[in-house]
Amino acid sequence: MPFFRRGPGRVSPAEARRRTADGAAVLLDVRETSEWKAGHAPDAVHLPLSRLAAGQTLPASASGRPVVVICRSGHRSRQAARILAGRGTDAVDVTGGMTAWAAEGLPVRNRHGAAGTVA
């Protein structure tokens, strides 16, 4: 019997950091702009799920590269990873999102580069 995937894979925040720290993959934050400004992972690229779902393409810095998608809790990033996978992008999402990222002690920066919060 053939194996059928139920969708893109999921990774922990630590695995997301590992995959993106050396630039092998891009961390894509799909939260809304106000959430992004309050606090995001350093070096993450921002594209709200609403724009992605409306058909906007990935930023040039993410095109043709594996993508690790993150949101606040993991729900929107799961949707975004499915959209991207449907468009042929190698995409996974982060289980627990930025909430889990911050809980693991990983860095969160606001729009000014100072310590941020997960909104």
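Residues numbered from 1 in each chain as written. Predicted model: local features only at pLDDT ≥ 70, side-chain atom pairs only at ≥ 80, totals over all residues. Heavy atoms only, no water.

Q: Sorry if this is basic, but what is going on with the UniProt feature "domain: Rhodanese" (unreviewed entry) in the protein chain here?
A: UniProt tags residues 21–110 as "domain: Rhodanese" (unreviewed entry). The annotated region residues 21–110 carries 34% helix and 16% strand content, and the separation between its end C-alpha atoms amounts to 19 Å. (UniProt positions renumbered as here; feature names shortened; annotations may be inferred. Helix = DSSP H or I, 4+ residues; strand = E, 2+ residues; numbered from the N terminus.)

Q: I tried to follow the pattern of salt bridges on my own but got confused; where do I start?
A: Between side chains of opposite charge, a pair can form when the charged atoms approach closely. Applying the stated rule across the entire model yields six salt bridges. Of the charged contacts in the structure, one is a salt bridge between R19 and E15, with a shortest N-O distance of 2.9 Å. Of this pair, R19 and E15 both sit in helix α1 (residues 13–21), separated by four residues, roughly a single helical turn. Here R31 and D29 are joined by a salt bridge, their closest N and O atoms 2.8 Å apart. Judged by relative accessible area, R31 falls into the buried class, the value being 0%. Through salt bridges with shared partners, one network takes in R10, R78 and D93. (Salt bridge = Lys/Arg side-chain N within 4 Å of Asp/Glu carboxyl O. Buried < 20%, exposed > 50% of the residue type's maximum accessible area, 1.4 Å probe, protein only.)

Q: Help me understand the layout of surface pockets in this model?
A: Rolling a probe over the atoms, with the probe sized like a water molecule, indicates the empty space that remains. In this structure, the largest pocket occupies an estimated 180 Å³ of space. If you go around the largest pocket, you meet 13 residues; those closest to its centre are T20, A21, P42, D43 and A44. Of all the secondary structure elements, the ones that give two or more residues to the lining of the largest pocket are α1 and β2 (26–29). No other element matches the three residues that α1 contributes to the lining of the largest pocket. Here the lining of the largest pocket is composed, by residue class, of eight nonpolar, two polar and three charged. (1 Å grid on protein atoms, 1.4 Å probe; cavity = no way out; pocket = protein on both sides within 12 Å on 5 of 7 lines; lining within 4 Å. Points joined across faces, edges and corners; volume = space filled by probe spheres on them. Nonpolar A, V, L, I, M, F, W, Y, C, P; charged D, E, K, R; others polar.)

Q: Before we go on, may I ask you to explain the sheet that holds strand β4 (residues 67–70) in this structure?
A: In any sheet, the strands associate via hydrogen bonds between backbone groups, in a parallel or an antiparallel arrangement. Strand order in the open sheet made by the five strands is β1-β5-β4-β2-β3, with parallel pairing throughout. Either end of the sheet is taken by a strand with one partner, and the two such strands are β1 (10–11) and β3 (45–46). When β1 meets strand β5 (residues 91–94), the two strands line up parallel, connected through two bridges. Each residue of the ladder has a partner; that of R10, found in β5, is D93. The sheet strands contacting helix α4 (residues 75–86) are β1, β2, β4 and β5, and the helix crosses β5 at an angle near 180°. (Pairing = 2+ DSSP bridges. Contact = heavy atoms within 4.5 Å. Axes fitted to C-alpha atoms, helices over the stretch in contact; angles between N-to-C directions.)

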